[in-house]
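Structural overview for review
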Amino acid sequence: AKRQGRSRMCYFSAELADKAQEYLTIESKLRRALENSELQLYYQPQVDLATGDIVAAEALLRWHSDELGWVSPDRMIPVAEEGGLIIALGRWIIEECCRTIRGYHRSSGNWFPIAVNVSARQFLEPGFTDELVEIVRFYDIPPSLLELELTESMMLDDVGKAIETMKALSFKGFKIALDDFGTGYTSLAYLKQFPVSKLKLDRAFVTDVHRDVNDAAIAEALVTFTRVMGLSLVAEGIEESVQHECLNLMGFRFGQGYLFSRPLPKDQFISLLETKLGV
Ligand code: C2E
Ligand code: CA
Ligand code: CA
Ligand code: CA
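So, how was this worked out
- Numbering of residues starts from 1 in each chain and follows the order in which that chain's sequence is written.
- The naming scheme follows written order: chains are lettered A onward, ligands numbered 1 onward.
- In keeping with the model being predicted, local features are shown solely for residues with a pLDDT of at least 70 and side-chain atom pairs are shown and tallied solely at 80 or more, while totals for entire chains, interfaces and linings include all residues.
- In computing side-chain values, all of the structure's heavy atoms are included and hydrogens and water are not.
- A run of H or I in DSSP counts as a helix once it spans at least four residues, and a run of E counts as a strand once it spans at least two, with each numbered from the N terminus.
- Contacts are residue-level and defined by heavy atoms, with any inter-residue pair within 4.5 Å sufficient.
- The near set for a molecule or strand comprises every residue that places at least one heavy atom within 4 Å of it.
- Two N or O atoms form a polar contact when they lie within 3.5 Å of each other; inside protein one atom must be a possible hydrogen donor and the other a possible acceptor, and for residues adjacent in sequence the pair counts only when both atoms belong to side chains.
- Under the convention used here, a 1.4 Å probe and the Shrake-Rupley method define accessible areas, while residue burial counts only the protein chains that appear.
- Residue type decides the class: Asp, Glu, Lys and Arg count as charged, Ala, Val, Leu, Ile, Met, Phe, Trp, Tyr, Cys and Pro as nonpolar, and the leftover types, Gly among them, as polar.
- For Na, K and Ca the donor cut-off is 3.2 Å; for every other metal, N, O and S atoms count as donors within 2.8 Å. Water does not enter the count, which can leave sites looking incomplete.
- Any residue under 20% of the maximum accessible area for its type is buried, any over 50% is exposed, and the rest in between are partly exposed; the area is computed with a 1.4 Å probe on protein chains only.

What follows deals with the environment of Asp 215. Here Asp 215 is to be found in helix α9 (residues 213-229). Residues Asp 215 and Asp 18, spaced 197 residues apart in sequence, show a C-alpha to C-alpha distance of 39 Å. Discounting chain neighbours no more than four positions away, the residues touching Asp 215 are Ala 204, Phe 205, Asp 208 and Val 209.

The subject of this paragraph is the site of ligand 1. Within the structure, ligand 1 sits among 22 residues, and Gln 44, Arg 62, Asn 117, Glu 239 and Tyr 258 are positioned closest to it. Here a nitrogen atom of ligand 1 and a backbone polar atom of Ser 119 are 3.5 Å apart. Take Asp 179: an N or O atom from its side chain is 3.0 Å from an oxygen atom of ligand 1. If ligand 1 stood free it would expose 800 Å²; the protein chains cover 83% of that surface. No other element matches strand β2 (residues 54-65), which puts four residues into the shell around ligand 1. Broken down by class, the residue content of the shell around ligand 1 amounts to nine nonpolar, five polar and eight charged.

Metal coordination angles have textbook ideals: 109.5 degrees for a tetrahedral set of four donors and 90 or 180 degrees for an octahedral set of six. Coordination of the calcium ion (ligand 2) by the protein involves Glu 58 (OE), Asn 117 (OD1), Glu 149 (OE) and Asp 179 (OD), with metal-donor separations of 2.1 to 2.3 Å. Read N to C, the donor residues that coordinate the calcium ion (ligand 2) are spaced as E-x58-N-x31-E-x29-D. Separating the calcium ion (ligand 2) from the calcium ion (ligand 3) is a gap of 4.0 Å, bridged by Asp 179, which donates to each. Within this pair, whereas Asn 117 is found in strand β4 (residues 114-117), its partner Asp 179 is found in strand β6 (residues 175-181), the two being separated by 62 residues in sequence. Overall, Asp 179 belongs to the buried group, its relative accessible area being 6%.

Next up, the structure:
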């Protein structure tokens, strides 16, 4: 039994070493990718479920590495958080969104809002609010066009500090959305204190919303709840028209998902936007 225990330990530490190695590989390549402008943001539309109009977009990080191929954000972000690269990377992501907003305004004369994912470490970094204020001033865009997507899990360590930061951000005019809603543990008591303007119902509840009574009950309750609270509500991960129809009937105003569009490279997204808006 002892020998078995030991070999199992060796197995685990080898696995850990592999993991550490993967981290180091991704981290050094990611650092270079950021310096060499190999990173891109893709944009996924958020649509009005009743009319199909594109009302906003979510920016999603994409990286194609010559050596590693496509590396998903779920692999990249934790590595960037671990080594601290997230601070520079996060800044680049926000600046890139601002350049997109600015560029679209320059070419069309219209303002268009973009939602950006913020990582825990980025959000908790002292000076995050000031940095954002500085960036939107530099690009000369209204802060209300930048919507920060936060998750409940980022609030858990120090709820007081998280609320303070959210208040500072909303005071400066930034919009805040609570992402992956339903997967965390936020009590309604906390939610009342969060200065958020939008909830994004996680795909986990959307996938079977048309055939699972529990998911349907949760979705419907959320429609009522957000109405009372004056929050806007987005359903994530809509892939099929039955889900779309069902959510629309339930009173969901906005949605996002492959049914409407996959995340698109910037130029393709702008073209889509122009055809939809009839510009
Ligand atoms: P998320 O913020 O919940 O983003 C939604 C994810 O669902 C995206 O995956 C998107 O491509 C995918 N998705 C959209 N519609 C559908 C659909 O209809 N069906 C399915 N199956 N999936 C759909 P992605 O781009 O791989 O991003 C994964 C996660 O990585 C994001 O989850 C977010 O937490 C994080 N992430 C992505 N970009 C960034 C970023 O720029 N910064 C930070 N901090 N995190 C990011
Ligand atoms: Ca998101
Ligand atoms: Ca989400
Ligand atoms: Ca997520």
